[in-house]
Amino acid sequence: MATKRPDAETSGTYQVVARRFRPQSFDEVVGQDDVLHSLRTAVEQKKVPHAFLFSGSRGVGKTTSARILARCLNCEKGPTATPCGTCEACTSILDGSNPDVIEVDAASHNGVEDVRALRDRVAFAAMRSRYKVYILDEAHMLSRGAWNALLKTLEEPPPGVVFVLATTELHKVPDTIRSRCQVLHFRRIGDDDIHARLAKIAKQEGVALADDVLAEIAATSRGGMRDAETALERALQLARDHDGPFDLAAYRELTQRLGTDRVVEVAAA
């Protein structure tokens, strides 16, 4: 069953489906079995590299997996591949308040000075966790000077520090950086996996959606779970307000979609 984030029900503001049902454990991440096997094995054997490079298209679980890895490393019962989700370390990482798990948007902090500031902070020990985990999202946006400033720290970080670099454009990451990281490739998620995940979310939301509606959403998401969940959110809203059965024809009419079958018919003609 897809599980909601704990803060989804207690927060006074609405959270979108993609955030409320974000995976909280490796078991909930779909379509990335090879990557998850590598991460589980590293944690269970206590042989976690000091730097990872997660590559893959958008919405396939790179940043989510990095956050789960941070919980695996810092859970009170860990390091463990199955974090409890209830200890102070797990809950603080989930709600973003843990000072030792630092997420950096490399798209907007991509200069030399930004990396130098990060490098200075790395030297300090973790405040209340077993590991300090730095997650650099959109890492390919770093400038050449920033990469050079990060190079030595990335190669020989202090004990208890793990870097996770996430990128949608691996070819823009310098070879000198790649050679210092364990590179894990996140593949596009299969339609069947996306379909199953969407069905669980719709059931938990209490909305009945036809299988062909879910199949169309899965097929048009092009392997991106976040894109599929965003489309599902609109479908859920439309289904709640729709009079009568919410079938594929109704979905296409309300979203002004022709459907893949019509495209194929036109191309064949």
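Residues numbered from 1 in each chain as written. Predicted model: local features only at pLDDT ≥ 70, side-chain atom pairs only at ≥ 80, totals over all residues. Heavy atoms only, no water.

**What to know about the sheet that holds strand β4 (residues 161–167)**
Two pairing modes exist for strands in a sheet, parallel and antiparallel, and in both the strands are linked by backbone hydrogen bonds.
Move 1: Pairing is parallel in the open sheet, where 5 strands are placed in the order β2-β3-β4-β1-β5. A strand with exactly one partner marks an edge of an open sheet, and here the two such strands are β2 (101–105) and β5 (182–185). Within the sheet, the average angular offset between the axes of one strand and its neighbour, ignoring direction, is 15°.
Move 2: Note: β2 against strand β3 (residues 132–137), 5 bridges, orientation parallel. Residue pairing across strands places glutamate 103 opposite isoleucine 135, the latter belonging to β3. (Pairing = 2+ DSSP bridges. Helix = DSSP H or I, 4+ residues; strand = E, 2+ residues; numbered from the N terminus. Axes fitted to C-alpha atoms, helices over the stretch in contact; angles between N-to-C directions.)

**Section: the nonpolar core**
Move 1: Ranked by size, the top nonpolar core spans 25 residues in total, and within it Leu136, Leu150, Phe163 and Leu165 carry the most contacts.
Move 2: Listing elements by their share of this core, those giving two or more residues are β1 (51–55), β2, α6 (112–122), β3, α7 (144–155) and β4.
Move 3: Excluding residues within four positions of it along the chain, leucine 150 makes contact with Val115, Leu118, Leu136, Leu142 and Phe163. (Core = buried A, V, L, I, M, F, W, Y, C linked by side-chain atoms within 4.5 Å. Buried < 20%, exposed > 50% of the residue type's maximum accessible area, 1.4 Å probe, protein only. Contact = heavy atoms within 4.5 Å.)

**Comments concerning the pairing of β3**
Move 1: Most of β3 is tucked away, with 5 of its 6 residues classed as buried.
Move 2: After leaving β2, the chain enters α6 and then returns to the sheet as β3, a path that is right-handed.
Move 3: Looking at chain direction, β3 and β4 are connected through 5 bridges and run parallel. Paired with valine 133 across the bridge in β4 is valine 162.
Move 4: In the classification by handedness, the crossover that spans β3, the intervening α7 and the parallel β4 is right-handed. (Right-handed = clockwise from strand over helix to strand, strands pointing away.)

**Thoughts on the packing of aromatic side chains**
Move 1: In this structure the tally under the stated criterion is 4 aromatic pairs.
Move 2: Aromatic ring contacts, followed pair by pair, group Phe52, Phe54 and Phe186 into a single cluster. (Phe/Tyr/Trp six-rings, centres within 6.5 Å; stacked < 30°, edge-to-face > 60°.)

**Here's the deal with the pattern of salt bridges**
Move 1: Considering all chains together, one arrives at 14 salt bridges under this definition.
Move 2: Between arginine 128 and glutamate 88 there is a salt bridge whose closest N-O contact spans 3.5 Å. Within this pair, whereas arginine 128 is found in the loop between α6 and β3, its partner glutamate 88 is found in helix α5 (residues 88–94), the two being separated by 40 residues in sequence.
Move 3: Across the pair arginine 197 and glutamate 229 runs a salt bridge whose closest N-O atoms are separated by 3.9 Å. Of this pair, arginine 197 sits in helix α9 (residues 191–204) while glutamate 229 sits in helix α11 (residues 225–241), placing them 32 residues apart in sequence.
Move 4: For arginine 197, a relative accessible area of 6% gives the class buried.
Move 5: Several salt bridges converge on common partners, so that one network encompasses Arg20, Glu205 and Arg240. (Salt bridge = Lys/Arg side-chain N within 4 Å of Asp/Glu carboxyl O.)

**Some words on a negative patch on the surface**
Move 1: A surface patch of negative charge is lined by Asp33, Asp191, Asp192 and Asp193.
Move 2: Broken down by element, the negative patch gets its largest block of residues, 3 residues, from α9.
Move 3: Inspection of the secondary structure puts aspartate 192 in helix α9. (Patch = residues over 30% accessible without salt bridge, like charges linked within 9 Å, V, L, I, M, F, W, Y side chains within 5 Å. Areas by Shrake-Rupley, 256 points an atom, 1.4 Å probe, with all protein chains shown as cover. Lys, Arg positive; Asp, Glu negative; His and termini not counted. Charge placed at Lys NZ, Arg CZ, Asp CG, Glu CD.)

**Here's the deal with the pairing of β1**
Move 1: Within β1, 5 of the 5 residues are buried, which leaves it mostly tucked inside the rest of the structure.
Move 2: The alternating pattern of β1 places Ala51, Leu53 and Ser55 on one face and Phe52 and Phe54 on the opposite face, and all of these are buried.
Move 3: Note that β1 and β4 share 5 bridges and pair parallel. If you follow leucine 53 over to β4, its bridge partner there is leucine 165.

**With respect to the environment of glycine 56**
Move 1: As for its placement among the helices and strands, glycine 56 is situated in the loop between β1 and α4 (62–74).
Move 2: Counting along the chain gives 38 residues from glycine 56 to leucine 94, while the straight-line C-alpha distance between them is 23 Å.
Move 3: Excluding residues within four positions of it along the chain, glycine 56 makes contact with Lys62, Thr167, Thr168 and Phe186.

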